[in-house]
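Inside the fold
Read off the chains here:
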Amino acid sequence: MVSDEILRRRTFAIISHPDAGKTTLTEKLLLFGGAISTAGAVKNNKINKSATSDFLEIEKQRGISVATSVMGFEYAGHKVNILDTPGHRDFAEDTYRTLSAVDSVILVVDCVKGVEEQTRKLMQVCRMRNTPVIIFINKLDREGRDPFELLDELEQELDIHVRPLSWPIGMGSTFKGVYNIYDKELRLFTVNKTKLAKDVVAVGDISSPIIDNTVGATFAAQLRDNVAFLEEYYEGFDLDLYREGYLAPVFFGSASNNFGVGELLDTFIKIAPSPTPTEASQREVLPEEEAFSGFIFKIHANLDPNHRDRIAFCRICSGKFERNKLYYHTRLDKKIRFSSPTSFMANEKSLLEEAWPGDVVGLYDTGSFKIGDTLTEGEVLQYKGIPSFAPEIFREVVNKDPFKTKQLEKGIRQLTDEGVAQLFVQQPGSRKIIGTVGELQFDVIKFRLLQEYGASCDLYSLNYYKACWITTEDKDLLARFVSLKGSHIAYDKDNNPVFFAETAWVLRSVQESYPTLKFHLTSDFK
Ligand code: G4P
């Protein structure tokens, strides 16, 4: 039973640089999957990209993102779980954490822009975990770059081998459709924003005259040349290499025109992995193990300030999750029972009785969870998840209302537990420094501290380049370094020392002066 349920699950995320078409593709996959019947349901799921401090927008985003955090639906006998990732680049850390909870990803690339900054960063995270990647090159209805040039760029910049499974015929105003190399079919393009048209012509073979008759002799000849070149210079598609994260199959299409989406979904179902083993500090855990285990990868505070509870999102890694059963919270060493866990099907939340590996369960929480916490049936396990990345923007928190000191402390602790930002404390004086990767987080923090905890504070800019974790075997040297650089040292939430470097040059020079100290840009040294 467990293994049947595992085999039919596909849990993945769609990632892209903002504007490449992630939201559109998500929506179209839901339409194809029959999970929603009208467009527009997911569309608003993002902050206006130019927003820097529009609190209403932030709140709207938070509201919508609870509903669309996980979009589950049934398709062709499979249970598909799409885990949403925030589109705004300032929330990249949330995306990185979500990537710890998926078994594969679909990467959307804009055919006009090619590989962009966020594409590179997100793929780095995928490469760290060898996450299998399918690439969808989008917006073929626009005059984009040469497909071979795009493939070269993907290989070089993303450090992955690619293998096209379809090939575009024309582009922009002359875009005719795609040729599916494996099914030997032509899919003809029509501008169509609403219908799920399936204009497919089986051609039998690439030399078939049907191709000439359908797209014209010039395009047919070009297609034959291109496919011949592909077959000669690109490795064939190999399922194992894809599953190892080494080879990415590539599709071409136009999400806003529903084009190439059905084909993508059908192939995805066939090749994407079902839930894979998860690495814990103690051992690797297999999904088919009988005992339940899972970890928290996201925490969402309640929007209603009168209800302080939060929703913790738990990815199930092994066994069966059951409502009302006692589970073991390994960090707190205590047993917890969940009476109203929720499941997420498309845009609807509902009470669930049981869930399986690959599923995400929403657990109501009154403050016992932090990102990365592990639940089991009793075994002491700690899942590894995604490391924190060295923040790049820093603010000192200064309390504005001495009567609300406790509320401020609690608010900051809870917000950092949720992963909104990283907190560092400097001694003497318990000076609090908040580090993030994006400016927008500071607006979120100030706004939520006031709204939810009644605490107000000023956030003063600090001019640091990076905060790096320090480790060494030589404890005496570390103690000397910490006392010498006192004003540049703070401690993270687990009391690990962190060095604040003002410039890249300062960081390089301390590295040279202290070769036995290790300065880490991610927190996965533990
Ligand atoms: P994101 O989530 O990755 O940020 O991208 P999103 O889906 O919001 O798409 C960004 C813009 O690109 C949207 O236009 C969307 O309509 C457009 N788009 C998506 N797929 C295609 C495609 O296949 N072809 C073309 N030509 N455009 C596409 P917008 O103007 O920002 O929004 P809207 O007013 O169109 O909704």
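Model, not experiment: these values are computed from the prediction.

Details of the overall build of the chain
Broken down by element type, the chain carries 14 helices and 31 strands. A total of 526 residues make up the chain; the buried ones form 43% of that total. Considering only contacts in the chain between residues 6 or more positions apart, those separated by 24 or more positions represent 72%.

Here we look at the site of the ligand
In the vicinity of the ligand, 18 residues are found, and the nearest of them are K22, T23, T24, S254 and S256. In terms of residues, the shell around the ligand owes the most to one element, helix α2 (residues 22-32), which gives three residues. Considered class by class, the residues forming the shell around the ligand number three nonpolar, nine polar and six charged.

Let's talk about the pairing of strand β8 (residues 177-180)
With four bridges joining them, strand β7 (residues 166-169) and β8 adopt antiparallel strand pairing. Among the inter-strand pairings, S166 is bridged to a residue of β8, identified as N180. Judged from the four bridges that link them, β8 and strand β9 (residues 185-188) form a sheet pairing that is antiparallel. Across the sheet, Y179 pairs through a bridge with L186, a residue of β9. Here β8 folds back onto β9, and the loop between the two strands holds four residues, one of which, K184, carries a positive phi near 50°.

Re the confidence of the model for the chain
Keep in mind that low pLDDT regions are not for reading the predicted coordinates in detail. Taken residue by residue, the chain gives an average pLDDT of 86. The fraction at 70 or more is 88%. Counting contacts from residues 45-53, a segment whose pLDDT is below 50, to residues more than four positions away or on other chains yields 21 contacts. Scoring the predicted complex yields pTM 0.87 and, for the interface, ipTM 0.98.

Structural notes on the packing of helix α11 (residues 405-417) against helix α12 (residues 440-453)
Where α11 meets α12, the closest approach of the two axes is 10 Å, and the angle between their N-to-C directions is 125°. Here α12 runs oblique to α11, going by the angle between their axes. The handedness of the crossing between α11 and α12 is right-handed. Mapping the contact onto sequence places Q407, L408, K410, G411 and L415 in α11 and I445, R448, L449, E452 and Y453 in α12.

Side note on the environment of N495
Inspection of the secondary structure assignment puts N495 in the loop between β29 (489-491) and β30 (497-501). Put simply, N495 and V425 are 70 residues apart on the chain and 8.7 Å apart in space, counted from C-alpha to C-alpha.

A word on the nonpolar core
Among the nonpolar cores identified, the biggest contains 124 residues, and V105, I135 and C314 are the most heavily contacted of them. With sequence-adjacent residues up to four places away left out, C314 is seen in contact with G294, F295, I296, V360, V361, L363 and L375.

Looking at the pairing of strand β26 (residues 431-436)
With five of its six residues buried, β26 lies for the most part within the structure. In the sheet, strand β24 (residues 393-399) pairs with β26 via five bridges, with the strands oriented antiparallel. Residue pairing in the sheet places I393 in a bridge with T436 of β26. Bridge count between strand β25 (residues 422-426) and β26: five bridges; the pairing is antiparallel. Counterpart to V425 in the pairing with β26 is K432. Between β25 and β26, which pair antiparallel and follow one another directly, the connecting turn spans four residues, one of which, G429, has a positive phi of 100°.

Let's talk about the sheet that holds β8
If you trace the four strands from one edge of the open sheet to the other, you get β7-β8-β9-β10, paired in antiparallel fashion. Edge positions in the sheet fall to β7 and β10 (200-202), since each has one partner strand and no second. Along the sheet, successive strands turn relative to each other by an average axial angle of 25°, direction set aside. In the packing of helix α8 (residues 217-233) onto the sheet, contacts are made with β7 and β8, and the angle to β7 comes to roughly 150°.

Some thoughts on α11
With 13 residues, α11 ought to run about 18 Å at 1.5 Å a step, and its terminal C-alpha atoms sit 18 Å apart, in line with that. Turning to α11, its buried residues are L408, G411, I412, Q414, L415, T416 and D417. Looking at the packing, one finds that the buried side of α11 touches β14 (293-301), β24, β25, β26, α12 and β27 (457-462). Phi for G419, located one or two positions after α11, is positive at around 90°.

Let's talk about unusual backbone geometry
For residues besides glycine, phi is generally negative; the peptide bonds are generally trans as well. Q427 connects to P428 through a cis peptide bond whose omega is -5°. Inspection of the secondary structure assignment puts P428 in the loop between β25 and β26. You will see that N130, though not glycine, has its phi angle at about 55°, which is positive. Within the element layout of this structure, N130 appears in the loop between α5 (117-129) and β5 (133-138).

Observations concerning the packing of α2 against helix α10 (residues 261-271)
The axes of two packed helices give the description: the angle between them and the distance between them. Running from amino to carboxyl end, α2 crosses α10 at an angle of 75°, the nearest separation of the two axes being 10 Å. Taken together, the axes of α2 and α10 are roughly perpendicular relative to one another. On the side of α2, the interface is formed by L25, K28, L29 and F32, while α10 contributes V261, G262 and L265. For the contact of α2 with α10, a count of residues per class yields five nonpolar, one polar and one charged.

About the criteria used
- Residues numbered from 1 in each chain as written.
- Predicted model: local features only at pLDDT ≥ 70, side-chain atom pairs only at ≥ 80, totals over all residues.
- Helix = DSSP H or I, 4+ residues; strand = E, 2+ residues; numbered from the N terminus.
- Buried ≥ 20, exposed ≤ 12 C-beta atoms within 10 Å, placed from the backbone.
- Contact = placed C-beta atoms within 7 Å.
- Near = placed C-beta within 6 Å.
- Nonpolar A, V, L, I, M, F, W, Y, C, P; charged D, E, K, R; others polar.
- Pairing = 2+ DSSP bridges.
- pLDDT = per-residue confidence, 0-100.
- Axes fitted to C-alpha atoms, helices over the stretch in contact; angles between N-to-C directions.
- Parallel < 35°, antiparallel > 145°, perpendicular 65-115°, else oblique.
- Left-handed = near helix turned anticlockwise from the far one by under 90°.
- Core = buried A, V, L, I, M, F, W, Y, C linked by C-beta atoms within 7 Å.
- Expected span 1.5 Å × (residues − 1).

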